Amino acid sequence: MRINIDTKNELEPLGDLFGIFFEDINHSADGGLYGELIRNRGFEFDELDNPEYNHFTAWEKILPADCRGRIMIQSDHPVSRKNPHYLVIDAMDPVDGIGVRNLGYNGGIPMEKNEEYRLSVYIACDGRPAEVKLSLESADGREYCSQTLKVTSKKWEKKQLRFTAQETDYTARLAVRLMTSGRVYVDNVSLFPGDTFNGRENGMRKDLAQLLKELKPRFMRFPGGCLVHDGSINTEDHDSLYRWKNTIGDTIDRPSRKSNWNYNQSLGLGYYEYFLLCEDIGAKPLPVLPAGYDPHHQRLVPFEQLDEWINDALDLIEFANGDASTKWGKVRCDLGHEKPFNLEYLGIGNEEAGDGFFERYPYFHKAVKARYPDIKLINSAGPFVSGGEFKKGWMSAVRNGSDLIDEHYYLAPEWFIANHHHYDKIPPFAKTKIFLGEYASWGNTWYNALAEASYMIGLERNAKNVGLACYAPLFCNVDYVNWKPDMIWYDNHRVMTTPNYCVQKLFMNHQGDVGVECNIETEIRNEIRSYRTGREIYLTPQPNTKVLYSDIKIIDGDNLITYPDVTLDCTDMPVKLGEVNTDSYRISMKAVMLSGIRGFKLLFDYADDGNKRSWEIGGWQNMDCAVCEDIDGRNSCLDQYGYTVKKNVEYELMLDCTGRKMTCYVTAENESILTNKAKKTELVIEPVYCTASVDKKTGDTIVKTVNLRKSGYEADIILDKSIKEAAVYYMSGYPLDAENTLDEPDRVTIREEHLTPYNGYIKYNIPAESVCIFRMK
């Protein structure tokens, strides 16, 4: 094999192609990247956040034997009305001290010997002087270090202390004890490591932030994600949509909120901190704002009230880029950052579905472009790789002239391999570039990372069409999992990267500035790889739904299969309709939803629960019609169409399979709709996946190769000029199911080797199932 590189034939600039996406999911902020060690520091946890929460969540009461006193929560005279709850400790006889202990995250507060910790607390008394002891101690109550505060004021005072840990203990507690008779009020109990990332006061956990910096991302998208647009449209509500203005200023005045991931957000990690983090890791900021629409609950801001939300977008740009003479630029300067953050990108909405968003987006676009024409605006294509809502997003982007459109999908690794050429073509009339804002294959194994690497080659090769791309999600606390896979996993003191992280690091560290011509000469042919598929067809029950199916027919070549009418309740077993013997067949039936909200579901090409295809009509809150495919237990939604099933209405359903092509029709109330078109995955493995680029700063030529085959091959890498020195950064030799763990964080990792050029070119044996990045001078 020869890989010929023509550095004189420059292609598309790669720009800001590869970046990262931070979403507060899996306790990625509180209990993760955000340095705060106290859980529920403001006593604001609520049942609305999570049915298991209350104001004492993560706090345990300290009530010694024979003590007389009580511990309670009040909200009559808070430090801040935005966080109204606070702790009251009332003691007649405290004995050894009445109070509370915080349990932290992951079973305790991590404490390293000789490290410094910064504690702050708001405190007041009822007029009687009191002594309050604050201490770091073990889970069984053994004290490591403590300090005592004399409290004399009835007005809230902020006290700040520093502790130096005497031992290492990852399950420590912070205790607050009233040592004298009297009453004290306590709020916003905060504990930070003294050594945060870049020494920021309200800063980030150092090891996690360092991993972000080492990626060298070109941009960072934040703060979400579904949490941006899932919530009440009333700004004052605890479960409101994410409003950036609530996240800046003193942390005591940032109203904690319900996250849609069923936990509380302190908002200690807010927009100012996000901008600082981008600056600290060298990434361009890419914030995302809601568009006054919640697709999860169909909440809509009336058009006459939309100006408030549009002004949020305009004010955010002014906050980021304005000088001290502007209202919001002055706010930034007053927070301590006189220089602008140089915001270039702004996302409106997150994986939106429904007309409510597309009716509102133009108002944002027009207003932003009128005042800030250079800001690159990002529209939304929804959470599907294809289908009706996806097309709506693209139509909106083209119609409004959006700079980019945000596509999201989580699919099987086989889909990523099979769709390497997915972005080779986009509509020729579209000036909008693609922002692949969320993507991942289902899993954190070496196989997943390898599949994603092959796809990223396609993203880079298509930089003319693809402007930005970022893997998602970024972080996951091992004890608070909402979603997986994730790029970085951690507990309260350990962290591990995944094979997926390593691949992302290779592509970001060695992105290059401009693509150059790359030509492959080989006699190796494409390989068609098989996967398990079946022939059986089933009707399957839907949750809390009762359905009558009738007139069931399967036409398989010349063979006609019929099945008696059947009623399926949610507690019933799936009903097998038959098996097909050919690759071209048609399934038709009539269906009535008698009760419930989840419509109908047909399984076909069924081999087992992990290997099958499905057509669901009325899925996801009875809003979707989708064709999906499962390979080895990993699902891909191949096509989606917005559709709602009504009760007691007869629907005629028809699925036509012709070879790989799948076509779905629904007829009801005298209307027939082609709901879905998709193709069954064909797993074509190419000889090698390869791109080349040039780093303008160093002059290096960079060649990326991905080999998905089970055998290696010798390759000559030849430039249009003599290679003087070279290195390869590579991943290979791992079992496909290999994963990293907290105990073995480097099982799959990146290795480096210096290469000696041969007659001015590189001769290298590209390993089986490998990712290799060559840098050549």
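Preceding block: the structure.
Residues numbered from 1 in each chain as written. Predicted model: local features only at pLDDT ≥ 70, side-chain atom pairs only at ≥ 80, totals over all residues. Heavy atoms only, no water.

**Some remarks on the pairing of strand β12 (residues 169–178)**
Heads up, the rule is: Buried means the residue's accessible area, taken with a 1.4 Å probe over protein chains only, is under 20% of the maximum for its type, while exposed means over 50%, and partly exposed covers the values in between. Helix and strand labels come from DSSP, where a helix needs a run of H or I of at least four residues and a strand needs a run of E of at least two; each type is numbered from the N terminus. Pairs of strands are assigned from DSSP output, requiring at least two bridges between the strands.
Burial analysis of β12 places eight of its 10 residues in the buried class, which makes it a mostly covered element. As defined by bridge partners, strand β6 (residues 98–102) adjoins β12 across five bridges and the pair is classed as antiparallel. Following the sheet pairing, Ile98 is matched in β12 by Leu178. In the sheet, strand β7 (residues 109–111) pairs with β12 via two bridges, with the strands oriented antiparallel. Bridging across to β12, Met111 finds its partner in Asp169. With six bridges connecting them, strand β9 (residues 130–137) and β12 associate as antiparallel partners. Counterpart to Leu134 in the pairing with β12 is Val176.

**With respect to the sheet that holds strand β20 (residues 345–348)**
Condition: Whenever a helix is involved, its axis is fitted only over the stretch in contact; in every case the axis is a line through C-alpha atoms, and angles between N-to-C directions fall within 0 to 180 degrees. Working rule for contacts: check all heavy atoms of both residues, and any pair within 4.5 Å makes them a contact.
If you walk around this closed barrel you meet the eight strands as β2-β14-β17-β20-β21-β22-β23-β24, and the pairing is parallel. For this sheet, the mean angle separating the axes of adjacent strands, direction not counted, is 25°. The pairing of strand β22 (residues 404–411) with strand β23 (residues 433–441) spans eight bridges and is classified as parallel. Looking at the pairing, Asp406 lines up with Phe435 of β23. Helix-sheet contacts for helix α9 (residues 446–461) involve β2 (18–21), β22, β23 and β24 (466–470), and the interaxial angle to β23 is about 170°.

**Here we look at the side chain of Arg634**
Of note, Arg634 is situated in strand β39 (residues 634–642). With a relative accessible area of 18%, Arg634 lands in the buried category. Excluding anything up to four places from it in sequence, Arg634 contacts Ala412, Pro413, Glu414, Trp442, Tyr447 and Glu629.

**Description of the environment of Val288**
Assignment of secondary structure puts Val288 in strand β17 (residues 284–289). Judged by its relative accessible area of 2%, Val288 is buried. It is 4.4 Å that separates the C-alpha atoms of Val288 and Gly347, two residues lying 59 residues apart in sequence. Ignoring any residue separated from it by four or fewer positions in sequence, one finds Val288 in contact with Arg221, Phe222, Pro223, Gly224, Val228, Tyr271, Gly347 and Gly349.

**Here we look at the side chain of Ser240**
Here Ser240 lies in the loop between β14 (219–222) and β15 (257–259). Residue contacts for Ser240: discarding those within four places in its chain leaves Asp230, Gly231, Ser232, Asn234, Thr235 and Arg257.

**So, the pattern of salt bridges**
Between side chains of opposite charge, a pair can form when the charged atoms approach closely. What counts here: When a carboxyl oxygen of Asp or Glu lies within 4 Å of a side-chain nitrogen of Lys or Arg, that pair is called a salt bridge.
Using the criterion set out here, one finds 63 salt bridges in the structure. In this structure, Glu414 and Arg634 form a salt bridge, with 3.1 Å as the shortest nitrogen-oxygen distance. Separated by 220 residues along the polypeptide, Glu414 in helix α8 (residues 413–418) and Arg634 in strand β39 bring together distant segments of the chain. The pair Glu414 / Arg634 is uniform in exposure class, with both members buried. Asp743 serves as the salt-bridge partner of Arg494, at 3.0 Å between the closest nitrogen and oxygen. A residue pair is termed long-range when its members are at least 10 positions apart, and Arg494 in the loop between β26 (488–490) and β27 (495–497) and Asp743 in the loop between β47 (726–731) and β48 (751–755) qualify at 249 residues. A relative accessible area of 31% means that Arg494 is categorised as partly exposed.

**Thoughts on empty space enclosed by the protein**
Any empty space left between atoms is shown by rolling a water-sized probe over those atoms. Which entries qualify depends on this criterion: Using a 1 Å grid laid over the protein atoms alone, points where a 1.4 Å probe fits but cannot get out form a cavity; open sets with protein on both sides within 12 Å along at least 5 of 7 lines form a pocket; any residue with an atom within 4 Å of a point counts as lining. Grid points are joined across faces, edges and corners, and a volume is the space filled by probe spheres set on the points. Gly is placed with the polar residues, together with every amino acid not listed as nonpolar (Ala, Val, Leu, Ile, Met, Phe, Trp, Tyr, Cys and Pro) or charged (Asp, Glu, Lys and Arg).
Within the structure shown, the criterion is met by eight cavities of 30 Å³ or more. By volume, the largest cavity amounts to about 210 Å³. Forming the boundary of the largest cavity are 21 residues, of which Arg41, Gly42, Ser256, Asn264 and Ser266 lie nearest the centre. Residue assignment for the lining of the largest cavity shows that the elements contributing at least two residues are α1 (29–33) and β13 (182–193). Residue composition of the lining of the largest cavity, by class: five nonpolar, nine polar and seven charged.

**Observations concerning the environment of Met496**
Here Met496 shows up in strand β27. Among all residues touching Met496, those that are not within four sequence positions of it are Ile488, Trp489, Asn740, Thr741, Leu742 and Pro745.

**Quick notes on the state of the cysteines**
Note on terminology: a disulfide is the covalent bond linking the sulfur atoms of two cysteines. As a reminder of what qualifies: By disulfide we mean two sulfur atoms from cysteines, separated by a distance within 2.5 Å.
According to the stated counting rule, one finds zero disulfides in the structure shown. Residue Cys278 stays outside any disulfide, its sulfur separated by 12 Å from that of Cys470, the closest cysteine. Here Cys518 is not disulfide-linked; the sulfur of Cys690 is the nearest cysteine sulfur, at 3.4 Å. Owing to a relative accessible area of 21%, Cys518 belongs among the partly exposed residues under this scheme.

**Notes on the pairing of strand β46 (residues 713–719)**
With respect to burial, β46 is a largely interior element, six of its seven residues being buried. Here strand β1 (residues 2–13) pairs with β46 via four bridges, running parallel. Each residue of the ladder has a partner; that of Ile3, found in β46, is Ile717. Here five bridges tie β46 to strand β49 (residues 762–766), and the two strands are oriented antiparallel to one another. Counted as the bridge partner of Ile717 is Ile762 from β49.

**Let's talk about helix α4 (residues 307–321)**
Let me state the cut-off plainly: Expected helix span is taken as 1.5 Å per residue step, with the number of steps being one fewer than the number of residues.
Spanning 15 residues, α4 covers 21 Å between terminal C-alpha atoms, matching the ideal 21 Å at 1.5 Å per step. With 11 of its 15 residues buried, α4 lies for the most part within the structure. Three or more residues of α4 are buried, namely Trp309, Ile310, Asp312, Ala313, Leu314, Asp315, Leu316, Ile317, Glu318, Phe319 and Ala320.

**Quick word on the packing of aromatic side chains**
How two aromatic rings sit relative to each other is given by the distance of their centres and the angle of their planes. What counts, and what does not: Centre distance within 6.5 Å is the pairing criterion for rings of Phe, Tyr and Trp, where only the six-membered ring of Trp is used; planes under 30 degrees apart are then read as stacked, over 60 as edge-to-face, and the remainder as tilted. Each ring is checked for a lysine NZ or an arginine CZ that lies within 6 Å of its centre and within 35 degrees of its normal; such an atom marks a charge sitting over the ring.
Taken as a whole and judged by the stated rule, the model has 46 aromatic pairs. Taking the centre distance of 5.2 Å and the plane angle of 80° together, the rings of Phe357 and Phe358 count as edge-to-face. Residue class for Phe357 comes out buried when judged on its relative accessible area of 0%. On the accessibility criterion, Phe358 (9% relative accessible area) is buried. A cation over an aromatic ring shows up here: Arg243 above the ring of Trp309, its NZ or CZ 3.6 Å from the ring centre.

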